[in-house]
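If you want the building blocks of each chain, they are given just below.
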Amino acid sequence: MLAHVDMDAFYASVEALDRPELAGRPIIVGMGKRGVVSAASYEARAKGVRSAMPVFQARRLCPEGVFLPVRKERYGQMSKKVMQILKEFTPLVEQVSVDEAFLDLTGTSGLWGSAHETGAAIKARMRAQTGLVCSVGMAPVRFLAKIASDRDKPDGLTVVQDLEAFLKTVSLKEVPGVGKKAQAKLGQLGLRRLYDVRTLGQKRLEGLLGVYGRRLWELSQGIDPTPVSVEREVKSISHEVTLSEDSKDPDLLQRLLLGMSSKVARRARSGGVLGRTVTLKLKHSDHRQITRSHSLGEATDLAEEIYEAACKLLTSYSSEGPFRLIGVGLSNLKTPEQVQGWLLSDKGREKLKAVAKAEDELHKRFGSGVLKRAGEMAPLDRKQKVKHNEAE
Ligand SMILES: [Mg+2]
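Just so it is clear, the structure is predicted and the values come from calculations on it, not from any experiment. (Residues numbered from 1 in each chain as written. Predicted model: local features only at pLDDT ≥ 70, side-chain atom pairs only at ≥ 80, totals over all residues. Heavy atoms only, no water.)

S.K.: Explain the sheet that holds strand 6 (residues 100-104) residue by residue, including any values.
M.R.: Pairing within the open sheet is mixed, and its five strands lie in the order 5-6-1-7-8. The strands lining the two open edges of the sheet, one partner per strand, are strand 5 (93-97) and strand 8 (157-159). Each strand of the sheet is rotated relative to its neighbour by a mean of 15 degrees, with strand direction disregarded. Relative to strand 8, strand 7 (residues 134-139) runs parallel, the two being bridged by three bridges. Residue Gly 137 lies in a different strand from strand 8, and its bridge partner there is Thr 158. This element, helix 6 (residues 115-130), spans strand 1 (2-7), strand 6, strand 7 and strand 8 of the sheet and lies at about 160 degrees to strand 7. This element, helix 7 (residues 142-149), spans strand 1, strand 5, strand 6, strand 7 and strand 8 of the sheet and lies at about 145 degrees to strand 7. (Pairing = 2+ DSSP bridges. Helix = DSSP H or I, 4+ residues; strand = E, 2+ residues; numbered from the N terminus. Axes fitted to C-alpha atoms, helices over the stretch in contact; angles between N-to-C directions. Contact = heavy atoms within 4.5 Å.)

S.K.: Please set out the nonpolar core residue by residue, giving values where relevant.
M.R.: Formed by 34 residues in total, the largest nonpolar core has its most connected members in Phe 10, Leu 86 and Leu 103. Listed by contribution, the elements that provide at least two residues to this core are strand 1, helix 1 (10-18), strand 2 (27-29), strand 4 (66-68), helix 4 (72-87), strand 6, helix 6 and strand 7. Among the elements that line this core, the one with the most residues is helix 4, at six residues. Setting aside anything within four residues of it in sequence, one finds Leu 103 in contact with Met 1, Leu 2, Ala 3, Val 5, Leu 86, Phe 89, Thr 90, Leu 92, Val 93, Ile 122 and Val 228. One finds Leu 256, Leu 282, Leu 313 and Tyr 317 within the second-largest nonpolar core, a separate group that totals 30 residues. (Core = buried A, V, L, I, M, F, W, Y, C linked by side-chain atoms within 4.5 Å. Buried < 20%, exposed > 50% of the residue type's maximum accessible area, 1.4 Å probe, protein only.)

S.K.: Which residues make up the pattern of salt bridges, and what are the values?
M.R.: Summed over the entire model, instances satisfying the criterion amount to 22 salt bridges. Here Glu 164 ties to Arg 198 by a salt bridge, and the two come within 2.8 Å at their closest N and O atoms. On the criterion of sequence distance, the pair formed by Glu 164 in helix 8 (residues 163-167) and Arg 198 in the loop between helix 9 (180-188) and helix 10 (202-209) is long-range, its members being 34 residues apart. Exposure remark for Glu 164: the relative accessible area of 33% places this residue in the partly exposed category. Residue class for Arg 198 comes out partly exposed when judged on its relative accessible area of 22%. Residue Lys 312 pairs with Glu 308 through a salt bridge whose shortest N-O separation is 3.6 Å. (Salt bridge = Lys/Arg side-chain N within 4 Å of Asp/Glu carboxyl O.)

S.K.: Any chance you could break down the coordination of the magnesium ion for me, citing the residues and the numbers?
M.R.: Listed as protein donors to the magnesium ion are Asp 6 (OD), Met 7 (O) and Asp 99 (OD); their distances from the metal cover 2.2 to 2.4 Å. Each donor residue of the magnesium ion belongs to the same chain, and together they define the spacing D-M-x91-D. The pair formed by Asp 6 and Met 7 is uniform in burial state, with each residue classed as buried. (Donors = N, O, S within 2.8 Å, 3.2 Å for Na, K, Ca; no water.)

S.K.: Just give me the short version of the environment of Lys 47, but keep the residues and values in it.
M.R.: Secondary-structure assignment places Lys 47 in the loop between helix 2 (42-45) and helix 3 (55-61). Excluding its chain neighbours within four sequence positions, the residues that come into contact with Lys 47 are Leu 61, Cys 62 and Glu 64. Within the local environment of Lys 47, its side chain forms a polar contact with the side chain of Glu 64, the two groups lying 2.8 Å apart. (Polar contact = N/O pair within 3.5 Å; in protein donor to acceptor, adjacent residues only side chain to side chain.)

S.K.: Lay out the packing of aromatic side chains with the relevant residues and their values.
M.R.: With the rule as written, the count across this model stands at four aromatic pairs. Geometrically, the ring pair formed by Tyr 11 and Tyr 75 is stacked, given 4.1 Å between the ring centres and 15 degrees between the ring planes. Of this pair, Tyr 11 sits in helix 1 while Tyr 75 is found in helix 4, placing the two residues 64 residues apart along the sequence. Given the relative accessible area of 14%, Tyr 11 is considered buried. Taken together, the ring pairs connect Phe 10, Tyr 11 and Tyr 75 into an aromatic cluster. (Phe/Tyr/Trp six-rings, centres within 6.5 Å; stacked < 30°, edge-to-face > 60°.)

S.K.: Provide a residue-level description of the UniProt feature "binding site: Mg(2+)" (unreviewed entry) in the protein chain, including the pertinent values.
M.R.: The residues that UniProt annotates with the feature "binding site: Mg(2+)" (unreviewed entry) are Asp 6 and Asp 99. Over a stretch of 94 residues, the named residues converge on one spot in the fold, their C-alpha atoms separated by at most 6.0 Å. Residue position: Asp 6 is located in strand 1. What makes Asp 6 buried here is its relative accessible area of 10%. Excluding its chain neighbours within four sequence positions, the residues that come into contact with Asp 6 are Asp 99, Glu 100, Cys 134, Ser 135, Ser 149 and Lys 153. Among the secondary structure elements, Asp 99 is positioned in the loop between strand 5 and strand 6. (UniProt positions renumbered as here; feature names shortened; annotations may be inferred.)

Right, dumping it as structure tokens:
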């Protein structure tokens, strides 16, 4: 059994928690004349306020609303607490956003009881330990758990016991991936519910929607092979530096790329992941920021391969600078088990892997300062101080 846990009106609920005097009043997170609503309490939603709505419109709909600024750090703190609680139920927790996660509860019924009992226990513990309310959906497959958690918000608990019976209740607009366009196309054929697409047959669905047609066909059968995956938590690894003085010196920029590539590679290896997509980030003097990406033939965790791709992206970029920031990222991350052909790597690559392993060993024993690659050794311009920044 899988669970999807979604905190109810998360930002607004955290604000209500921190300011008990606001309990019961319409809380709207998001301020400023040109701002948009980040979150709205259910009292505010009752007045028609929705997230992503311009603040001025929300003020018109709900003049008595309490408008508050966004406090990202505070929500981040609470999010950590929320995820910790979920991990007490199973180690297989995949966080999909600040206030949402999937749980794979396979094999935990001895601990937590039936699906309904488990869902109720999650909700009770969440409320007791954070003071926050969540909605939980329980289902044998991922997309239905997500749909179920949305069914009875707020404070909902929906358990999909009978797959076929539940499928009949799912409308197409609830299905993740069915956008407005697909809805319109299917609507023209009189199809409104997920169950209806079965009548169309797989071939016609694929003809109508392409690759997604096949996926939708599977979903209509209640098949969703997407697992709850812990690895997916980290979506990318990146490193960037801000130059104290803007530069267009290709030697300097490449040297920085080499240093950052080896840091990114090392973090990938220590996290046990490989990435296929290398991204170069540049910020021009006028703060205009661009990113360029390249997908490798094979996923990698090797500095040389990341560096090579990043350099190509730099030399093929239409402007030669000057730049005030440069960064390298690795994304499209996979575990070695997920990487096809990993064991078939060629000889040259074996060598690089051996070097990387030795590097990791030294790093573990002596810390990050000890090892620099030859290209990094060249002294930086005296005036050039760089500020490093890690991101995940
Ligand atoms: Mg939520």
